[in-house]
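Take a look at the letters that make up each chain.
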Amino acid sequence: MATEKRTASEKADFKRELTEVVPHLRAFARGLCGRADMADDLVQETLLKAWAAQDRFQPGTSMRAWTFVILRNAYLTDMRRNRFRGEYDETVAERVLTAPAGQEEPIHLSDMHRALLTLPPERREALLLVGAGGFSYEEAATICDCAVGTIKSRVGRARAALNAMLAEGNIPKRSIDDNAAHRAILEELDDVAAGQGGGRN
Amino acid sequence: MSSDTPSNPQRSAAGGPPPNLPHGDKGKDPDWANGLKQLYDSVVEEPLPDSFQDLLDQLDTKN
């Protein structure tokens, strides 16, 4: 392992860039785990890990993408330990709901967020990255360590599921609390984790 | 009475084309797609709790 020592100015740059992405980390985390307090814990954990790994960050590359990978992996690990149950934070969405002005048919963001949280994690994260974070399919594939086609298919399925739920108003209240749903999510997580770090060609 | 919900004069009866739909990049984005961005952006724009800067400052002084 090449552990080059960074200069003071490189360290300062790292800190500045890391600070700049914190709002994005919070947004991504909140979309993933649904609760503001847990999301912020996740961001703190991400910052600690990113700091410890800073020698592995390549200056000039995207800090946002790099830290999203760390956050995502921390989330998956925590999720397996059952720390997050994808609980929905009503206050978050309510605050957001007051924001939109001049929108034709204000979509109920609380519904949307709840629907989002019922998606399997890998579809949810794919949709968050592409649909909210503005990452390209290619960037999202790098973050999730999978093929571009896989990301496209996950985003497509996520969109279809949200369309179905939101169009029909058929949003489960708290399906994550449901044991079967939770087990299904954990199984999907196993798949995600199995594909991660394997570096299969 | 819901005085704080503005009435919507532009709602057309039988699904006429929406007046000012932003040109979606890939065909049509459903309504919620914009909501998804709003959800994300609203968190990005939130004032940042001090705890994050404090944490980074702590880490910085340790090393």
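Treat the numbers as computed from the prediction; the structure is a model and nothing was measured. (Residues numbered from 1 in each chain as written. Chains lettered and ligands numbered in written order. Predicted model: local features only at pLDDT ≥ 70, side-chain atom pairs only at ≥ 80, totals over all residues.)

**Re the overall build of chain B**
- When you go through chain B residue by residue, the secondary structure sums to 2 helices and 0 strands.
- Evaluated residue by residue, chain B yields a buried proportion of 13% over its 63 residues. (Helix = DSSP H or I, 4+ residues; strand = E, 2+ residues; numbered from the N terminus. Buried ≥ 20, exposed ≤ 12 C-beta atoms within 10 Å, placed from the backbone.)

**Overview of the overall build of chain A**
- Within chain A one finds 9 helices and 0 strands.
- Every one of the 201 residues in chain A was classed for burial, and the buried ones make up 38%.
- Within chain A, contacts between residues at least 6 apart in sequence are counted, and of these 69% link residues at least 24 apart. (Contact = placed C-beta atoms within 7 Å.)

**Things to note about the environment of L36(B)**
- Note on placement: L36(B) falls in helix 1 (residues 31-44).
- On the basis of neighbour counts, which here come to 26 C-beta atoms within 10 Å, the residue L36(B) falls in the buried class.
- Other than its neighbours up to four places away in sequence, L36(B) contacts M112(A), G131(A) and A132(A).

**Remarks on the environment of K62(B)**
- Tracing the backbone shows K62(B) in helix 2 (residues 50-62).
- Taking the C-alpha atoms as reference, K62(B) lies 45 Å from W32(B); in sequence the two are 30 residues apart.

**Notes on the nonpolar core**
- Ranked by size, the top nonpolar core spans 49 residues in total, and within it F28(A), A29(A), L42(A), L71(A), Y75(A), A126(A) and A140(A) carry the most contacts.
- Secondary structure elements with two or more residues in this core: helix 1 (8-33), helix 2 (36-52), helix 3 (63-80), helix 5 (109-118), helix 6 (121-132), helix 7 (137-144) and helix 8 (148-168) of chain A together with helix 1 of chain B.
- Tallying contributions element by element places helix 1 of chain A first for this core, with 9 residues. (Core = buried A, V, L, I, M, F, W, Y, C linked by C-beta atoms within 7 Å.)

**Section: the interface of chain B and chain A**
- Taken together, the contacts link 21 residues of chain B with 29 residues of chain A.
- Put simply, the parts of the chain that give the side of chain B that touches chain A at least two residues each are helix 1 and helix 2 of chain B.
- The element contributing the most residues to the side of chain B that touches chain A is helix 1 of chain B, with 12 residues.
- Among the residues making up the side of chain B that touches chain A, the classes are represented as 14 nonpolar, 4 polar and 3 charged. (Nonpolar A, V, L, I, M, F, W, Y, C, P; charged D, E, K, R; others polar.)

**Focus: the confidence of the model for chain B**
- On average, residues of chain B score 66 in pLDDT, and 49% of them reach the 70 mark or higher.
- In the predicted structure, residues 1-27 of chain B sits below a pLDDT of 50 and forms 3 contacts with residues beyond four places in sequence or in another chain. (pLDDT = per-residue confidence, 0-100.)

**Description of the packing of helix 2 of chain A against helix 2 of chain B**
- For the pair helix 2 of chain A and helix 2 of chain B, interaxial distance at closest approach is 11 Å and the crossing angle is 20°. By the angle between their directions, the pair helix 2 of chain A and helix 2 of chain B is classed as roughly parallel. As for the relative orientation of helix 2 of chain A and helix 2 of chain B, their crossing is right-handed in sense. Along the contact surface, helix 2 of chain A presents V43(A), Q44(A), L47(A) and W51(A), while helix 2 of chain B presents F52(B), L55(B), L56(B) and L59(B).
- Classifying every residue of the contact of helix 2 of chain A with helix 2 of chain B gives 7 nonpolar, 1 polar and no charged. (Axes fitted to C-alpha atoms, helices over the stretch in contact; angles between N-to-C directions. Parallel < 35°, antiparallel > 145°, perpendicular 65-115°, else oblique. Left-handed = near helix turned anticlockwise from the far one by under 90°.)

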